[in-house]
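The residues making up each chain are set out below.
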Amino acid sequence: MSKDPARRVAELRDLLREADHRYYVLDDPELTDAQYDALYRELVDLEARHPELDDPDSPTHRVPGEVAAGFPSFPHPSPMVSLDNVLDEAAFREWVVSADRFLKDDSPRTYSVEPKIDGVGLELIYEHGLLVVAATRGDGFVGEDITTNAKTIRSIPRRLRGKGVPAYVAVRGEAYVRKADFEAFNRAAEEAGERTFQNPRNFCAGSLRQLDPGIPAARPIRFFAYAQGGIEGEKPASQSAWLAAYARWGLPTVPEASVAVGADEVVARHAELLATREDLPYELDGVVIKVDDGGLQERLGMRSRSPRWAVAWKFPPRRAFTRLRDVDWSVGRTGVVTPRAILEPVFLAGVTVSHATLHNVDELARLGLLIGDEVEIERAGDVIPKVLRALPEKRTGKERPIEVPSLCPGCGTGLHRDPERVALRCDNFACPPQVVAHLVHFASRKALDIRGLGDKQAAQFHEAGLLDDAADLFALVDRREDLVALERQGEKSVDNLLASIEEAKAVPLDRFLFGLGIREVGERGSRILARAFGSLDEVAAADHESLLALDEVGDALADAVTTWFAEPRNRDMLARMKARGVAPTPWEGQSDGPFQGLTVVFTGKLERLSRDEAKTLVEALGGRAGSSVSAKTDLLVAGPGAGSKRKKAEELGVATVDEEEFLRRAGRLT
Ligand code: IVH
């Protein structure tokens with residue numbers, strides 16, 4: 001550390017700029033928040049004591065004190081055009097063919113394929129590497145000068161770095177807010193009783209338009225560079241070269257942008273981005289496809305409002321308007337009664353939607369829904385659609401209130417409100433829909449894997465009085481004639497079912513535990529229990545304390561397990577199973593598995609497996625999945641974006657591999 005204040009100030013400014021770059025541009029921070037804060041405070045302190053060292057470009061001066069009176073206009077050096085949209089593959093291919101015709105050349109071309117970021121378009125003017133103006137798109141010719149606000153955004157560098165920084169460049173791109181940052185902000189605002197925002201884009205646009213730069217400074221706005229409005233100096237020869245130059249100069253670019261050759265590759269890349277849409281940290285509403293080569297771009301040129309060399313292939317909308325016809329109520333496996341919206345069918349994101357979840361009674365109240373209301377619905381990923389809001393302004397007066405049932409729709413028992421879970425609950429263990437849901441879960445693939453016992457069969461057998469709980473399944477061998485006599489059942493299907501039940505008697509313990517449907521005990525929980533206790537009798541005998549002593553077991557799970565095994569009805573069911581020869585196979589893992597006895601930790605983004613799948617794989621192959629790196633860690637699997645854990649592993653000499661090598665060691669890749 002340097003003693004000379006001028007040297008130390010310069011050093012601190014460099015350290016903080018580097019930290020901002022790693023955090024906001026490379027997405028790979030090396031400093032902890034506390035370390036960053038300490039350096040920042042030291043700089044603020046030194047600058048206060050040595051006013052002569054002050055510099056408007058210092059990282060401490062992102063936020064000036066004054067509030068602007070308005071935003072001056074800024075004429076763009078060249079128009080900020082928009083793009084033509086296509087909505088499906090056929091229209092995209094037509095665009096390709098029309099460009100082919102224009103160029104009189106139909107050989108496969110190289111394209112830059114980029115996520116269409118759903119944010120706010122910005123132009124950043126850099127002169128000799130320094131940010132001099134930031135402006136919104138406005139009408140495409142004249143935008144608003146929001147330089148002061150843009151300077152508060154840490155992912156917008158105030159000076160470019162690296163070699164070959166041009167004397168002048170107009171960088172264009174998108175300001176946006178990550179989904180997780182948006183949700184965290186809204187949650188905090190809600191808790192503080194402050195206003196919340198509808199979506200990341202509105203939030204971002206609203207923040208940039210604030211006259212008080214303190215507001216955008218306190219909001220998690222980020223930026224991606226993806227286009228240009230002119231350059232003095234050497235001009236990159238293609239879109240992909242532009243993106244590479246931006247990255248070299250310290251500007252953030254979209255990591256998911258890629259180059260494709262020919263229309264087929266673009267189509268495949270579009271499908272990939274659509275499929276991973278929900279996993280990406282930012283909102284995208286389509287894919288932008290640009291002819292990569294700069295020379296070809298010039299030849300293709302512009303139509304009136306948009307370039308011929310680029311097109312936006314939008315994703316199907318995930319939101320739509322329709323009418324709420326009615327609300328029905330269903331009973332789940334755990335007795336929770338949930339409302340479901342019955343909708344006028346509407347086409348949305350590729351499917352016809354006629355139902356949507358309403359979560360719980362509180363949600364109904366929050367939405368203020370009436371039957372007959374026009375509603376906005378959303379379908380995100382593969383999730384069941386949900387109702388976002390009602391449109392009370394469209395009411396006609398014929399709408400009627402939703403009646404919340406006081407009796408269980410499955411069995412007529414009085415319902416009660418479970419205060420902890422804002423749920424309506426039916427406590428009747430003999431409630432038919434609950435019994436059937438339990439049986440179906442017990443027989444499901446991840447539990448006992450009994451083939452031939454789906455919803456319909458379970459309901460039919462229960463109604464016929466042949467099946468009241470899971471233990472009855474193992475007594476069905478004695479009721480073969482009764483089963484065969486049932487409608488839609490034949491000798492063959494019944495025999496197959498009975499054989500499958502017989503086989504399931506020796507199911508691995510973890511899957512058996514999962515099948516019991518104990519609250520809080522999912523697939524991973526079952527595995528933890530099976531592994532720790534070895535046998536069903538041991539799990540049944542475990543007390544609260546010994547459960548809590550397990551890694552990853554908390555109060556809720558420990559409570560749920562002891563309560564379940566203390567219940568006489570459950571004990572009786574297990575005893576009847578035992579009498580019928582049900583004997584779950586003790587947990588073995590894979591005793592000679594490649595991760596036998598090893599502790600494996602994951603960090604960064606995994607591309608092929610989810611975190612849970614990866615942990616499950618380690619456990620299935622004899623290892624333990626740890627959550628933090630310590631001297632006891634044997635292997636760190638690090639994906640893109642790995643930061644502090646990777647560093648720690650390095651310090652401790654823990655072996656580090658990437659996901660591919662991990663899969664290879666797991667025998668999942670050759
Ligand atoms: S290129 C001439 N690339 O989409 C090229 N635009 O109409 C001009 N957008 O509002 C734009 N992601 O703000 C381009 N990777 C991307 C983009 C992108 C989002 C926005 C842009 C504009 C609209 C295009």
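To be clear, the structure that these remarks concern was listed above.
Being a predicted model, the structure only gives us computed values, none of them experimental. (Residues numbered from 1 in each chain as written. Predicted model: local features only at pLDDT ≥ 70, side-chain atom pairs only at ≥ 80, totals over all residues. Heavy atoms only, no water.)

We now examine the site of the ligand. In the vicinity of the ligand, 14 residues are found, and the nearest of them are Leu-83, Glu-114, Glu-174, Tyr-226 and Lys-290. The contact in question runs from a nitrogen atom of the ligand to an N or O atom on the backbone of Ile-117, over 3.0 Å. Lys-290 places a side-chain nitrogen or oxygen 3.0 Å from a nitrogen atom of the ligand. Residue assignment for the shell around the ligand shows that the elements contributing at least two residues are strand E3 (110-117) and strand E10 (284-291). Examining the composition of the shell around the ligand, we find that four residues originate from one element, E3, more than from any other. (Near = heavy atom within 4 Å. Polar contact = N/O pair within 3.5 Å; in protein donor to acceptor, adjacent residues only side chain to side chain. Helix = DSSP H or I, 4+ residues; strand = E, 2+ residues; numbered from the N terminus.)

Glancing now at helix H12 (residues 432-443). Taking 1.5 Å per residue, twelve residues should reach 16 Å; H12 reaches 17 Å between its end C-alpha atoms and fits that length. Among the residues of H12, Gln-434, Val-435, Val-436, Leu-439, His-441, Phe-442 and Ala-443 are the ones counted as buried. Turning to H12, the residues buried within the fold contact strand E12 (319-331), helix H13 (455-463), helix H14 (470-473), helix H17 (509-515) and helix H22 (568-579). (Expected span 1.5 Å × (residues − 1). Buried < 20%, exposed > 50% of the residue type's maximum accessible area, 1.4 Å probe, protein only. Contact = heavy atoms within 4.5 Å.)

This brings us to the packing of helix H21 (residues 555-566) against H22. In contact at an axis separation of 5 Å, H21 and H22 are set at 70° when each is read in the N-to-C sense. Considered as vectors, H21 and H22 are oriented roughly perpendicular to each other. Two secondary-structure elements touch here, H21 through Trp-564, Phe-565 and Ala-566 and H22 through Pro-568, Asn-570, Arg-571, Met-573 and Leu-574. The class makeup of the residues in the contact of H21 with H22 is six nonpolar, one polar and one charged. (Axes fitted to C-alpha atoms, helices over the stretch in contact; angles between N-to-C directions. Parallel < 35°, antiparallel > 145°, perpendicular 65-115°, else oblique. Nonpolar A, V, L, I, M, F, W, Y, C, P; charged D, E, K, R; others polar.)

Two numbers describe how H12 lies on H13: the axes approach to 9 Å, and their chain directions differ by 130°. By the criterion of interaxial angle, the relationship of H12 to H13 is oblique. Classified by chirality, the crossing of H13 by H12 is right-handed. On H13, the residues touching Pro-432, Val-435, Val-436, Leu-439 and Val-440 of H12 are Asp-455, Ala-458, Ala-459 and His-462. Looking at the contact of H12 with H13, its residues break down into seven nonpolar, one polar and one charged. (Left-handed = near helix turned anticlockwise from the far one by under 90°.)

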